[in-house]
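Understanding the architecture of this molecule
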Amino acid sequence: MKKLSKIYLGLVLFFLYVPIFVLIVFSFNTTKSRTVMSGFTFDWYIKLFRNEIIMESLWNTIIIAVIASITATILGTAAAIGINNMKKVPKAIVMNITNFPIINPEIVTGVSLMLLFVFFAARMNFEFGFWTLLIAHITFSVPYVILNVMPKFRQMDPFLYEAAQDLGCNSRQAFFKVVLPEIMPGVLSGFMMSFTFSLDDFIISYFTSGSDSQTLPVTIYSMTRRKVSPEINALSTIIFLVVVIVLVLKNVIERKSENNKVKVKGEKV
Amino acid sequence: MKNKLIAAPYLVWMVVFILVPLIMVGYFAFTDKEGNFTLDYVADVAQYSQIFVRSIWLAAIATVICLVISYPLAYILTGFSKNTQSTMLMIVMLPMWMNFLLRTYAWMTMLGNNGIINTILGFIGLGPFKMLNTEGAVVLGMVYNYLPYMILPIYSVMVKIDKSVIEAASDLGCNPWKTILRVVFPLSLPGVMSGITMVFVPAISTFIISRMLGGGGNLLIGDLIEMQFLGNAYNVNLGAAISLVLMVIILLIMTIMNQFDNDDGAVLL
Amino acid sequence: MNNIVELKDIVVEFDGERILDKINLNIKDKEFVTLLGPSGCGKTTTLRIIGGFINPDSGTVMFDGKEINGLPPYKRNVNTVFQRYALFPHLNVYENIAFGLRVQKVPEKEINKRVAEMLKLVNLVGFEKRTVQRLSGGQQQRVAIARALVNHPKVLLLDEPLGALDLKLRKEMQIELKRIQQQLEITFIYVTHDQEEALTMSDTVVVMNGGVIQQIGSPVDIYNEPENAFVADFIGESNILNGLMIKDKLVEISGREFDCVDGGFGENTPVDVVIRPEDITIVPPEQAKLCGVVESVIFKGVHYEMLIDAYDYRWMVHSTKAADKGASVGLSFGPDDIHIMHKLKETEKSEEEVPDEE
């Protein structure tokens, strides 16, 4: 039984990883062949870094992800606080609308924003580009922040805020000293989600970007539509490496803080 | 803290960028190019019923395959020690952090007539098989891309099942198989339900997977919508009508799913 | 009466730590046995070995005369009432109780009859269709008991089943559990850290500490004749002093010699001396061998609890009459009230404070 489950796990992992490793291996191929390794080279990596379109869209992606996720986090955290204090019916209405971009297929969200932007672009004389992308990214990020922060209020001891006031905090101090630290884990995970979703988003960006301001996924898409280019393999390899490093670091840090918690607990006993 | 106004900026944002765009989809679906009310476009959607059926069918197959692969995997994962569990989970989820265009591109290169799979098969005297540009390739792409969306919710519900409930089942006469059937499965049902929606919704509305792996012959709803907005077929009103129908289908399916699950949606992510 | 459960030389180690150290225990049929001890003493582990959830590293588990080492829980004729009930959240009250019968494929009619019997036994008639989450703690408790008993086990294992209930409910359930046990005439093995609970309900109490059985006996024996200072201290309140056994029936406490009834310790042997607070009488100083100063007086309802400093020890005395704080008083007790016991090894004593959830 144990053995069987290990074999099963191995098979699933094989299925998940083989395509990625094939990409990585052929990123070092001297020819454009996708089946035969003719020799080892870093040429595609050099070409990749010299490719202005890719570099520019990478820069765009990062800037938009940073601004969008910070804005979404502030907007969403404030919203969560306000929504939490709403009466039952308005709260339900707001939460249902907030859930929409999460439940809805991304293509519908993308298309609906495109319709809005087309409508205003014609009347207010602006073009699709950086601003439309940014607005779209903030729009699909905020709901994730709200959904991450709201449960923290439910978990929080409802008397904490009152206790802080009882001990002499005014409402601003009570918020920053007591409430904010309590909901911080939710705020942070909301931010991280926004940031990664923004980096990774293709579908919504595809409908809301202009020709001069594209994100990396949109550029990748247009590359895959054209002829075979091992630059994509090189790019995949780099992205994969970054992902591995970030996730391993995150895991190590989490485990360390977990161990520390256990230690502190042990000392108390 | 008690101030509801703090949610105001988000409420404005929500109305302008979530609610209004959705209303615009509805508006365009029911008007013609001059802005007069018409049911023509909604009626036109019926012409594409074949594409709708194919989309639902392929997405349903992909969802079932994901479920069949994920359920045992999630169960196996919960059997590991805490530390191994988090490491294994990270390894299983890691490919998901690669941009899905790249993951799909990887399969595109592997499935081709002179791709690596056919080359390997050729060595043992088989093939070449036509794999790319088939419905099978589309389903494969869906399974590959959305598998983690099925594993995660099932795992996170399963891992929360009280160990003593499992022991109770054993105490009351259940052998390991009966324990899974009578206790673990019913208790993990909310995770299964949210896994199904998390796979089905993106699968039914994708246009990348069908375009990259399905060639031109396997159009899905997503392709149809994309063509109306950014493709040669440019017809915003028809696109809006198709989007509307897609939304209705998904809402219907979600309502059916929610019948099984009277939880408050805490397992969404 | 024959033994239904026998544990022989049971050893359990976990991460190199000995949880159970050569436990030997015989449990008679139709008996109410309580495993009593502080957290971490191994009582829950012992119970889980009988239930089949843990396999001992060495030793034999016998059930009804047959060895059952390694037999999985679902093949054992015992059922468990879990600490936090472990009711199935996806099933209602009726289906929870019927669970074991359905697994055994008992005919529907029979299930109906037996569940109805159980509902009556635990006073839950009319609750069949309720979801278990909507029940109060006491009601969940009853469902858990019914769910286990409906299978007609020979032995029912109860793991601190009343721990989560409030005091009043706990007292009610104690009486009810005893009634159920006597009515059904089956063996109950009950785990608790609450000495009062153990003394109230049990036919036999097994006091455990540090993975070792300290004493097995009837509640009266355990209370009146504790075998060592740990048992004396854990069951009720005690004054435990260092003493010197001068010879049989003569012991020295705080530099004074007292007559006692115990013997067989040899001559000039250091021993632990236990005297219960309620066995001490306060007398005028001139009538007593031991004199001290009253440090504090606390009213406890039924009696006063006084702490009295006498020589190098602070005595606890329970009395219905209060002495004045600061007064000099004499402490008097008879030979019967002095319990002499062998000194404990240090390691066994220190286990007491380990606060962990088992």
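The rules behind the values
- Residue numbers run consecutively from 1 along every chain, following the written order of its sequence.
- Chains carry letters and ligands carry numbers; both start at the beginning, A for chains and 1 for ligands, and go up in the order they are written.
- Residue-level local features of this predicted model are given only where pLDDT is at least 70; pairs of side-chain atoms are given and counted only at 80 or more, and the full residue set underlies all totals for whole chains, interfaces and linings.
- Excluding hydrogens and water, the side-chain figures rest on all heavy atoms present in the structure.
- We call two residues in contact whenever any of their non-hydrogen atoms come within 4.5 Å of each other.
- Throughout, the accessible surface (probe 1.4 Å) given up by two parts as they are put together, summed over both, is called the buried area.
- In the sections that follow, a salt bridge refers to a side-chain nitrogen of Lys or Arg positioned within 4 Å of a carboxyl oxygen of Asp or Glu.
- In protein, a polar contact requires one atom able to donate a hydrogen and another able to accept it; more generally it is a pair of N or O atoms within 3.5 Å, and residues adjacent in sequence count only if both atoms are side-chain atoms.
- Runs of H or I in DSSP of at least four residues are treated as helices and runs of E of at least two as strands, each being numbered from the N terminus.
- Charged means Asp, Glu, Lys or Arg here, nonpolar means Ala, Val, Leu, Ile, Met, Phe, Trp, Tyr, Cys or Pro, and polar covers whatever is left, Gly included.
- Domain ranges listed in this record stem from an automatic or a database domain assignment.
- Residues forming no salt bridge and having over 30% relative accessible area are the ones grouped into patches, like charges within 9 Å of each other and nonpolar side chains (Val, Leu, Ile, Met, Phe, Trp, Tyr) within 5 Å.
- Method for areas: the Shrake-Rupley scheme with a 1.4 Å probe, in which residue coverage is limited to the protein chains shown.
- For every residue, the accessible area (1.4 Å probe, protein chains only) is compared with the maximum for its type, and the residue is labelled buried under 20%, exposed over 50%, or partly exposed between those bounds.
- Two strands qualify as a pair provided DSSP detects at least 2 bridges between them.
- Lines are fitted to the C-alpha atoms to define the axes, a helix being fitted only along its stretch in contact, and any angle between axes, read from their N-to-C directions, falls within 0 to 180 degrees.
- Note on aromatic pairs: the rings of Phe, Tyr and Trp (six-membered ring only in Trp) are paired at centre separations within 6.5 Å, and the planes decide the class, stacked below 30 degrees, edge-to-face beyond 60, tilted for the rest.
- A ring is scored as having a charge over it whenever the NZ atom of a lysine or the CZ atom of an arginine sits within 6 Å of its centre and within 35 degrees of its normal.

1. Here's the deal with the interface of chain B and chain A
The interface of chain B with chain A comprises 77 residues on the first partner and 81 residues on the second. Buried surface at the junction of chain B and chain A, summed over both partners, amounts to about 7,600 Å²; 81% is from carbon and sulfur atoms. Counting across the chain B and chain A interface gives 0 salt bridges. Our count for the contact surface shared by chain B and chain A stands at 11 residue pairs in polar contact (both at pLDDT 80 or more). A total of 15 residues in the side of chain B that touches chain A trace back to one element, the largest contributor, which is helix α1 (residues 8-29) of chain B. In terms of residue class, the side of chain B that touches chain A is built from 60 nonpolar, 12 polar and 5 charged.

2. Regarding the domain arrangement of chain C
Under the domain assignment used here, chain C contains domain 1 (3-224) and domain 2 (237-343). Computed over C-alpha atoms only, the centres of domain 1 of chain C and domain 2 of chain C are separated by 39 Å.

3. Let's talk about a nonpolar patch on the surface
All names here are of chain A. Taken together, the side chains of L58, W59, I62, V66, I67, I70, I74 and L199 present a nonpolar region at the surface, about 680 Å² in accessible area. Sorting elements by how many residues they give to the nonpolar patch places helix α3 (residues 52-84) first, with 7 residues. A relative accessible area of 34% means that V66 is categorised as partly exposed.

4. Considerations on the pattern of salt bridges
Going through the model one piece at a time under the given rule, you end up with 23 salt bridges over all chains. With a closest N to O distance of 3.0 Å, E108 of chain C and R102 of chain C form a salt bridge. As a salt-bridge pair, R314 of chain C and E295 of chain C come within 3.8 Å of each other at their nearest N and O atoms. Placement of the pair is R314 of chain C in strand β18 (residues 313-319) and E295 of chain C in strand β16 (residues 290-299), with a sequence separation of 19 residues. Look at R314 of chain C and you get partly exposed, because its relative accessible area is 44%. Classification of E295 of chain C by relative accessible area gives partly exposed; the value is 33%. In the salt-bridge network here, residues are joined through shared partners; they are R211, D223 and E226 of chain B.

5. Overview of the environment of Q50 of chain B
Structurally, the position occupied by Q50 of chain B is in helix α3 (residues 49-78). Sequence-wise, Q50 of chain B and L220 of chain B are 170 residues apart; in three dimensions their C-alpha atoms are separated by 9.4 Å.

6. Let's talk about unusual backbone geometry
Phi angles above zero are rare outside glycine, and E185 of chain C is one such case at about 55°. Phi at Y311 of chain C is positive, roughly 55°, even though this residue is not glycine.

7. Considering the sheet that holds β16 of chain C
Residue and element names in this part refer to chain C. Strand order in this open sheet of 5 strands is β15-β19-β16-β17-β18, and the pairing throughout is antiparallel. Each edge of the open sheet is held by one strand with a lone partner, namely β15 (281-283) and β18. Across the sheet, the mean angle separating the axes of adjacent strands is 45° when strand polarity is ignored. Sheet topology places strand β17 (residues 304-310) next to β18; 7 bridges connect them, and they run antiparallel. The residue of β18 that forms the bridge with I308 is W315.

8. A word on the sheet that holds strand β4 (residues 58-63) of chain C
Residue and element names in this part refer to chain C. The strand order across the open sheet built from 4 strands is β2-β1-β4-β5, with neighbouring strands paired in antiparallel fashion. Each edge of the open sheet is held by one strand with a lone partner, namely β2 (17-28) and β5 (66-67). Across the face of the sheet, helix α1 (residues 43-51) comes into contact with β1 (3-14), β2 and β4 while running at roughly 120° to β1.

9. What to know about the packing of aromatic side chains
The tally for this structure, following the rule as stated, stands at 38 aromatic pairs over all chains. With centroids separated by 5.5 Å and ring planes inclined at 90°, the aromatic side chains of F119 of chain A and F120 of chain A adopt a geometry described as edge-to-face. For F119 of chain A, a relative accessible area of 34% gives the class partly exposed. The partly exposed category is assigned to F120 of chain A, whose relative accessible area is 31%. Measuring from centroid to centroid gives 5.8 Å for F53 of chain C and F82 of chain C, while their planes differ by 55°, and the two rings are tilted. With F53 of chain C in the loop between α1 and β4 and F82 of chain C in the loop between β6 (78-81) and α2 (93-103), the pair connects residues that are 29 residues apart, well separated along the chain. Taken together, F202, Y206, F207 and Y221 of chain A together with F207 of chain B form an aromatic cluster joined through their ring pairs. The ring of Y94 of chain C carries the charged tip of K129 of chain C above its face, separated from the ring centre by 5.5 Å.

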